[in-house]
Amino acid sequence: MRNTLTWTLFAVLLLGGISEANAQFASSADDLSSERQTRILANLKFQIPQLRDLQVVMGEIVASEHGGLDEGSFGVNGQQYHFLVTGDDTRLFMLAGEPLDVSMSSEDIAAALDEEQRAAALAEHEVHLELAAFAEGMPVRGNPNASVTIFEFSDFQCPYCARAFTTVEQILERYPNDVKFVFLHYPLPNHPWAKPAAIATICAAEQDDEAFWALHDGYFRDQDDVNVGNVLAIGGDFLEASGRDVDMAVWTNCASNAESETYQAAAIEVEQSLAAGNTYGVSGTPGFFVNGKFVNGAQPIETFEVVIDEALQLSGR
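Residues numbered from 1 in each chain as written. Predicted model: local features only at pLDDT ≥ 70, side-chain atom pairs only at ≥ 80, totals over all residues. Heavy atoms only, no water.

1. What to know about the overall build of the chain
Looking only at helices and strands, the chain has ten helices and ten strands in total. Across the 317 residues of the chain, 43% fall into the buried class. Of the contacts formed within the chain by residues at least 6 apart in sequence, a portion of 64% connects residues at least 24 apart. On the chain, roughly 16,800 Å² of surface is accessible, and the fraction owed to carbon and sulfur atoms is 51%. (Helix = DSSP H or I, 4+ residues; strand = E, 2+ residues; numbered from the N terminus. Buried < 20%, exposed > 50% of the residue type's maximum accessible area, 1.4 Å probe, protein only. Contact = heavy atoms within 4.5 Å. Areas by Shrake-Rupley, 256 points an atom, 1.4 Å probe, with all protein chains shown as cover.)

2. Overview of the nonpolar core
Ranked by size, the top nonpolar core spans 64 residues in total, and within it Tyr219, Trp251 and Ile308 carry the most contacts. Contact partners of Ile308, with chain neighbours within four places excluded, come to Val148, Ile150, Ile171, Tyr175, Val179 and Val290. Counting residues in hydrophobic clusters, the runner-up holds 15 residues, among them Leu41, Ile61, Phe74 and Val76. (Core = buried A, V, L, I, M, F, W, Y, C linked by side-chain atoms within 4.5 Å.)

3. Some points on the sheet that holds strand S7 (residues 148–154)
Within the open sheet, the five strands sit side by side as S6-S8-S7-S9-S10. Their pairing is mixed. With partners counted over all chains shown, the strands left at the sheet margins are strand S6 (141–142) and strand S10 (293–296), one partner each. Where S7 lies against strand S9 (residues 287–290), four bridges are found, and the strand directions are antiparallel. Bridging from a neighbouring strand, Phe153 pairs with Gly287 of S9. Contacting S7, strand S8 (179–185), S9 and S10, helix H3 (residues 106–134) runs over the sheet at an angle of about 70 degrees to S7. Where helix H6 (residues 209–221) meets the sheet, it contacts S6, S7 and S8, and its direction lies at approximately 75 degrees from that of S8. (Pairing = 2+ DSSP bridges. Axes fitted to C-alpha atoms, helices over the stretch in contact; angles between N-to-C directions.)

4. A short note on the packing of aromatic side chains
Overall, the coordinates contain 17 aromatic pairs when judged by the stated rule. Centroid distance Phe156 to Phe220: 5.1 Å. Interplanar angle 50 degrees. Geometry classified as tilted. One end of the pair, Phe156, is in the loop between S7 and helix H4 (159–174); the other, Phe220, is in helix H6, and 64 residues separate them in sequence. (Phe/Tyr/Trp six-rings, centres within 6.5 Å; stacked < 30°, edge-to-face > 60°.)

5. What about the side chain of Arg36?
Inspection of the secondary structure puts Arg36 in helix H2 (residues 34–47). Residue class for Arg36 comes out buried when judged on its relative accessible area of 1%. For Arg36, the side chain forms a polar contact with the side chain of Asp70, separated by 2.9 Å. (Polar contact = N/O pair within 3.5 Å; in protein donor to acceptor, adjacent residues only side chain to side chain.)

6. Concerning the pairing of S9
Side-chain alternation along S9 places Gly287 and Phe289 on one buried face and Phe288 and Val290 on a second face that is also buried. Sheet topology places S9 next to S10; four bridges connect them, and they run antiparallel. Residue pairing in the sheet places Phe289 in a bridge with Phe294 of S10. Taking the residues between adjacent antiparallel strands as the criterion, S9 and S10 are bridged by two residues, where Asn291 takes a positive phi near 50 degrees.

7. Focus on the confidence of the model for the chain
Averaged over all residues, the pLDDT of the chain is 88; the fraction at 70 or higher stands at 88%. Between residues 6–32, whose pLDDT stays under 50, and residues either more than four places distant or in other chains, the model counts 53 contacts. (pLDDT = per-residue confidence, 0-100.)

8. Comments concerning the side chain of Ser73
Its place among the elements puts Ser73 in strand S3 (residues 70–76). Discounting residues that sit within four places of it in the chain, Ser73 has contacts with Val57, Met58, Gly59, Glu60, Gln80, Tyr81, His82 and Phe83.

9. Some details on the packing of helix H5 (residues 194–205) against H6
Running from N to C, H5 and H6 point in directions that differ by 155 degrees, and their axes come no closer than 6 Å. Here H5 lies roughly antiparallel to H6, going by the angle between them. Along its contact with H5, which presents Ala197, Ala200, Thr201, Ile202, Ala204 and Ala205, the element H6 presents Asp209, Ala211, Phe212, Leu215, His216 and Tyr219. Among the residues forming the contact of H5 with H6, the class breakdown is nine nonpolar, two polar and one charged. (Parallel < 35°, antiparallel > 145°, perpendicular 65-115°, else oblique. Nonpolar A, V, L, I, M, F, W, Y, C, P; charged D, E, K, R; others polar.)

10. Side note on a nonpolar patch on the surface
Residues Met104, Ile109 and Leu113 make up a contiguous nonpolar surface patch of about 250 Å² in total accessible area. Here Met104 is to be found in the loop between strand S5 (92–95) and H3. (Patch = residues over 30% accessible without salt bridge, like charges linked within 9 Å, V, L, I, M, F, W, Y side chains within 5 Å. Salt bridge = Lys/Arg side-chain N within 4 Å of Asp/Glu carboxyl O.)

11. Regarding unusual backbone geometry
Pro286 follows Thr285 through a cis peptide bond whose omega is -5 degrees. Positionally, Pro286 belongs in the loop between helix H9 (261–279) and S9. Unusually for a residue other than glycine, Asn77 sits at a positive phi of about 55 degrees. For Asn77, the location among the structural elements is in the loop between S3 and strand S4 (79–85). The phi torsion at Asp89 lies on the positive side, around 60 degrees, for a residue other than glycine. Its place among the elements puts Asp89 in the loop between S4 and S5. Asp89 gets classed as buried once you look at its relative accessible area, which sits at 3%.

12. Focus: the environment of Asn253
Mapped onto the elements, Asn253 comes out in helix H8 (residues 248–256). Assessed through its relative accessible area of 34%, Asn253 is described here as partly exposed. Asn253 sits ten residues away from Tyr263 along the chain, and the two C-alpha atoms are 7.5 Å apart. With near-sequence residues (within four places) excluded, Asn253 lies in contact with Ser260 and Thr262.

Below, the structure written as structure tokens:
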């Protein structure tokens, strides 16, 4: 309704607004009486049939700074519509929004844009530093001394995240020295085995970072074969096949015994990761931060290349 009404209201401007047949009701620019408001509202409902069955609240009409025109507004379903009207009430012009200041010089605009870019870059850098502090000690892929860090908030059961997994592999191959990657947990509530998988990977990382990545890769590559009933058994298979020196009894206790301190610590880490994602505006998966710049969703590698190359340029690489 709102979009339809908005376009119809713009049509009032194109069609000439209030009917000239009502010119006998004309008032001066100082006539702010309720009679004028009532008459204008009646004309609006006549010109715009969609308004006839709606509760329309007409606001005050006052003199404006726009060439002798008066200005006013009316409300429909909580949405305010603004207009300009001639002093004799023969023409009403709908406005798309509040008047804009278009007096800035090209130099002023360039300076304002530069300031916006600096502010955005500073905000992104702060996000990057905060995420780096949060993720300190977590498993890292790529060059640990790289100038660009990709943080991914992800969910092992999410099909889009499985697609992004392949893209991340391509990125690390494309930028072997310039990019490092950190995986952060964001299991969605409608994915029942995502959180158990997240806890299982954290328990593996307690013993060996590469064991973490063995589970990470396995859960994404064999996503269609995993379910709530076998998520830990399959995880154990991934660890056995990885050849890493993992104490399987310790891992199993951590990953499955909800009463154990290690399980509870891993579950808290998952909740903290979820909270961090929410803090930075993540609402679905996957969500990436490339040196603090947000990239939403399973984007193609070309999208990441633009952001990464920009970050490398800023870092002087």
